[in-house]
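The chain contents come next:
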Amino acid sequence: MERKVLVICGVVGFLGLLSAVTGFAAEATRIKGSQVQFPSPSECVYPRSPALGLGLAAAVALMVAQIIVNVASGCVCCRQYQSGSNQSLALLCFVVSWFTFVIAFLLLLTGAALNDQHGEESLYFGNYYCYVVKPGVFAGAAVLSLASVALGIIYYISLVSAKNINDPWHPPVPSQGGIAMGHPQIPPQTSQEPVFVHEDTYMRRIST
């Protein structure tokens with residue numbers, strides 16, 4: 001595998017792990033319902049939480065990883081896909097990777113926004129409600145981030161492999177097996193000495 005491919009896969013994989021780790025950290029430090037205080041029936045007091053910064057960091061890392069994979073792979077709309085396992089796998093991973101990316105990115109941003117409320121409340125049907133992030137939002141986003149990055153790496157490697165196989169400027173080298181090494185065998189040329197016939201013999205044959 002080329003060094004460029006290894007570097008890109010390493011950077012994207014690191015960003016995916018960073019997004020997942022910060023997502024799980026945001027899940028552990030999110031504001032729970034038991035931590036919200038109610039000085040008055042219409043007021044909610046939220047404690048400080050690092051989940052906002054962790055959620056935003058996870059979203060940024062995931063977005064950068066997705067951008068790197070797609071820039072390195074090139075425009076998918078401009079490619080001519082041929083029938084083959086590599087092209088089919090690459091297209092499938094591309095679609096699923098973007099699907100999981102959008103869901104994970106929205107979950108991370110939503111969770112981060114809900115952890116940035118200070119003294120806000122909502123009135124519904126005469127009752128006041130204080131919003132907190134539900135359990136599993138950041139954790140689900142972290143898992144989807146890992147899935148999105150992994151599928152993006154598979155998509156990129158599949159495209160590179162298909163390009164190397166179908167590259168017209170680098171045709172496969174034909175096999176050199178089965179060539180016998182030796183000196184050519186030239187059949188010997190036999191030279192025949194000319195036969196001389198005596199003149200008297202030739203004249204006798206004519207006279208008869």
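As annotated in an unreviewed UniProt entry, the protein carries the name Transmembrane protein and is attributed to Nicotiana attenuata. Regarding the protein, the UniProt comment filed under Sequence similarities (unreviewed entry) reads as follows: "Belongs to the DESIGUAL family." Quoted verbatim from the Subcellular location (unreviewed entry) field of UniProt, the annotation for the protein is "Endomembrane system".

Enquirer: Describe the overall build of the protein, and please don't skip the residues or the numbers.
Expert: In terms of helices and strands, the protein carries 5 helices and 4 strands. Taken from N to C terminus, the helices and strands of the protein fall in the order α-β-β-α-α-β-β-α-α. Scored against the burial criterion, the 208 residues of the protein give a buried share of 29%. A separation of at least 24 residues holds for 82% of the contacts in the protein among residues at least 6 apart in sequence. Working note: accessible area of the protein is about 14,200 Å², and carbon and sulfur atoms make up 66% of it.

Enquirer: Got a sec to walk through the environment of Phe99? Specific residues and values, please.
Expert: The residue Phe99 is located in helix H3 (residues 85-114) in this model. In this structure, the C-alpha to C-alpha distance between Phe99 and Ser148, residues 49 residues apart in sequence, is 8.0 Å.

Enquirer: Requested: an account of the nonpolar core, with residues and values cited.
Expert: The tendency in soluble globular proteins is for nonpolar side chains to be buried side by side. Counting residues in hydrophobic clusters, the biggest one holds 20 residues, and the most contacted among them are Val12, Val149, Tyr155 and Tyr156. For this core, the secondary structure elements donating two or more residues are helix H1 (3-29), helix H2 (51-73), H3 and helix H4 (137-166). Tallying contributions element by element places H4 first for this core, with 7 residues. Apart from residues lying up to four places away in sequence, Tyr156 is in contact with Lys4, Val5, Ile8, Cys9, Val69, Ala72 and Ser73. By size, the runner-up hydrophobic cluster in this structure holds 8 residues, among which are Ala51, Ala58, Ala59 and Ala141.

Enquirer: Describe in detail the pattern of salt bridges, supporting the description with residues and values.
Expert: With the rule as written, the count across this model stands at 1 salt bridge. A salt bridge links Arg30 to Glu27, with the shortest nitrogen-to-oxygen separation between them at 3.4 Å. Neither Arg30 nor Glu27 differs from the other in exposure class; each is buried.

Enquirer: So what's going on with the confidence of the model for the protein? Which residues, and what values?
Expert: Low-confidence regions, as indicated by low pLDDT, have predicted coordinates that should not be scrutinised in detail. On average, residues of the protein score 75 in pLDDT, and 63% of them are at 70 or above. Taken together, the stretch residues 168-178 has pLDDT below 50 and engages in 0 contacts with residues farther than four places along the chain or on a different chain.

Enquirer: Describe the UniProt feature "transmembrane region" (unreviewed entry) in the protein, naming the residues involved and giving the relevant values.
Expert: Under the UniProt annotation, the feature "transmembrane region" (unreviewed entry) is placed at residues 49-77, 89-115 and 135-157. Helix and strand shares over residues 89-115 are 96% and 0% respectively, and the end C-alpha atoms of the span are 39 Å apart. Along residues 135-157 one finds 91% helix and 0% strand; the C-alpha atoms at either end are 35 Å apart.

Enquirer: Tell me what's going on with H2, and back it up with residues and numbers.
Expert: For H2, built from 23 residues, the straight-helix expectation of 33 Å at 1.5 Å per residue is met to within 8% by its first-to-last C-alpha distance of 33 Å. Among the residues of H2, those classed as buried are Ala51, Gly55, Ala58, Ala59, Ala61, Leu62, Ala65, Gln66, Val69, Asn70 and Ser73. Just downstream of H2 lies Gly74, where phi reads positive at about 90 degrees.

Enquirer: Lay out the packing of aromatic side chains in plain terms, naming residues and giving numbers.
Expert: Using the criterion set out here, one finds 3 aromatic pairs in the structure. A centroid spacing of 5.2 Å and a plane angle of 45 degrees characterise the contact between Phe94 and Tyr155, whose relative ring orientation is tilted. Here Tyr155 lies in helix H4 and Phe94 lies in helix H3, a separation of 61 residues in the sequence. For Phe94, a relative accessible area of 17% translates into the label buried. Through a chain of ring-to-ring contacts, three or more aromatic side chains come together here, namely Trp98, Phe101 and Phe105.

Enquirer: Explain the side chain of Gln66 to me, and be specific about the residues and the numbers.
Expert: Locating Gln66 in the fold gives a position in helix H2. A relative accessible area of 5% means that Gln66 is categorised as buried. If we skip the residues at most four places from it in the chain, Gln66 touches Ser97, Trp98, Phe101 and Ser148.

Quick notes on the rules
Residues numbered from 1 in each chain as written. Predicted model: local features only at pLDDT ≥ 70, side-chain atom pairs only at ≥ 80, totals over all residues. Heavy atoms only, no water. UniProt positions renumbered as here; feature names shortened; annotations may be inferred. Helix = DSSP H or I, 4+ residues; strand = E, 2+ residues; numbered from the N terminus. Buried < 20%, exposed > 50% of the residue type's maximum accessible area, 1.4 Å probe, protein only. Contact = heavy atoms within 4.5 Å. Areas by Shrake-Rupley, 256 points an atom, 1.4 Å probe, with all protein chains shown as cover. Core = buried A, V, L, I, M, F, W, Y, C linked by side-chain atoms within 4.5 Å. Salt bridge = Lys/Arg side-chain N within 4 Å of Asp/Glu carboxyl O. pLDDT = per-residue confidence, 0-100. Expected span 1.5 Å × (residues − 1). Phe/Tyr/Trp six-rings, centres within 6.5 Å; stacked < 30°, edge-to-face > 60°.

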